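# A closer look at the structure
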Amino acid sequence: AQSVTQLGSHVSVSEGALVLLRCNYSSSVPPYLFWYVQYPNQGLQLLLKYTSAATLVKGINGFEAEFKKSETSFHLTKPSAHMSDAAEYFCAVSDLGNYGGSQGNLIFGKGTKLSVKP
Amino acid sequence: DSGVTQTPKHLITATGQRVTLRCSPRSGDLSVYWYQQSLDQGLQFLIQYYNGEERAKGNILERFSAQQFPDLHSELNLSSLELGDSALYFCASSFGTSGIETQYFGPGTRLLVL
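Residues numbered from 1 in each chain as written. Chains lettered and ligands numbered in written order. Predicted model: local features only at pLDDT ≥ 70, side-chain atom pairs only at ≥ 80, totals over all residues. Heavy atoms only, no water.

### Comments concerning the overall build of chain A
Helices and strands together make up the secondary structure of chain A, namely zero helices and eleven strands. Listing the helices and strands of chain A from first to last along the sequence gives β-β-β-β-β-β-β-β-β-β-β. Based on the C-alpha atoms only, the size of chain A along its principal axes is roughly 50 × 30 × 20 Å. Counting across all 118 residues of chain A, residues that qualify as buried make up 43%. Taking the contacts inside chain A whose residues are at least 6 apart along the sequence as the reference set, 56% of them involve residues at least 24 apart. Accessible area for chain A stands at about 5,700 Å²; split by element, carbon and sulfur atoms hold 51% of it. (Helix = DSSP H or I, 4+ residues; strand = E, 2+ residues; numbered from the N terminus. Buried < 20%, exposed > 50% of the residue type's maximum accessible area, 1.4 Å probe, protein only. Contact = heavy atoms within 4.5 Å. Areas by Shrake-Rupley, 256 points an atom, 1.4 Å probe, with all protein chains shown as cover.)

Here is the structure:
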């Protein structure tokens, strides 16, 4: 079975500081990995996704993530935090189902709330 | 705006009651997914439909059911409601069923069971 673990339910950074949100996955086959962001009282919006084309994935709003197979990680980073980045971030893996084929649905981590201090 | 619409935005009801949540996918998308977001369980997959057919089931209770209609909108029916069913229910859509595709999420329906 696949799973996703996000380390740290809350992360606080100062404006302009590096943002690092951690995600580790468990999968017996090469995974498809996603980062979504949820602003208060809104739905989830895709930030970026890994589909095996490139290990360093660039997303919207200056975010990027690096797929590291040896570490089973897909950490999200942004060089300089903005106040508008304050939100909850979810790492997810695509469910491959029982036979290794994709079912399409997502398995989410518990989420990390990012606070940005002025 | 993701292009996925959900109604109603908020729903307050009593235990034992039945409610229906509605979702309209993005134009052209054939797959609809339902997810439940609660404080204790996080975001959990409930059920997926593709072009009118049930495709995959997750942690969906027997008291819950869903369907996708010929115009591709979907409804999630929750019956014999319990306090623990209070949650945010999201619908998402994608064109196909491949795990590589982006799922576009609606704004959610917040259900409060009193």
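### As for the state of the cysteines
Per the stated rule, a full pass over the model turns up two disulfides over all chains. Note that A:Cys23 is cross-linked by a disulfide to A:Cys91, the S-S spacing being 2.0 Å. In this structure, the disulfide formed by A:Cys23 and A:Cys91 twists by about -65° around the S-S bond and is classed as left-handed. Taken together, the positions of A:Cys23 in strand β3 (residues 19–26) and A:Cys91 in strand β9 (residues 87–94) put the pair 68 residues apart, joining distant regions of the chain. Looking at A:Cys91, the relative accessible area reads 0%, which means it is buried. A sulfur-sulfur separation of 1.8 Å characterises the disulfide bridge that pairs B:Cys23 with B:Cys91. Across the S-S bond of B:Cys23 and B:Cys91 the torsion is about -45°, and the bridge reads as left-handed. Here the residue B:Cys23 occupies a position in strand β3 (residues 19–24), and B:Cys91 occupies one in strand β9 (residues 87–94), the gap between them amounting to 68 residues. (Disulfide = S-S within 2.5 Å.)

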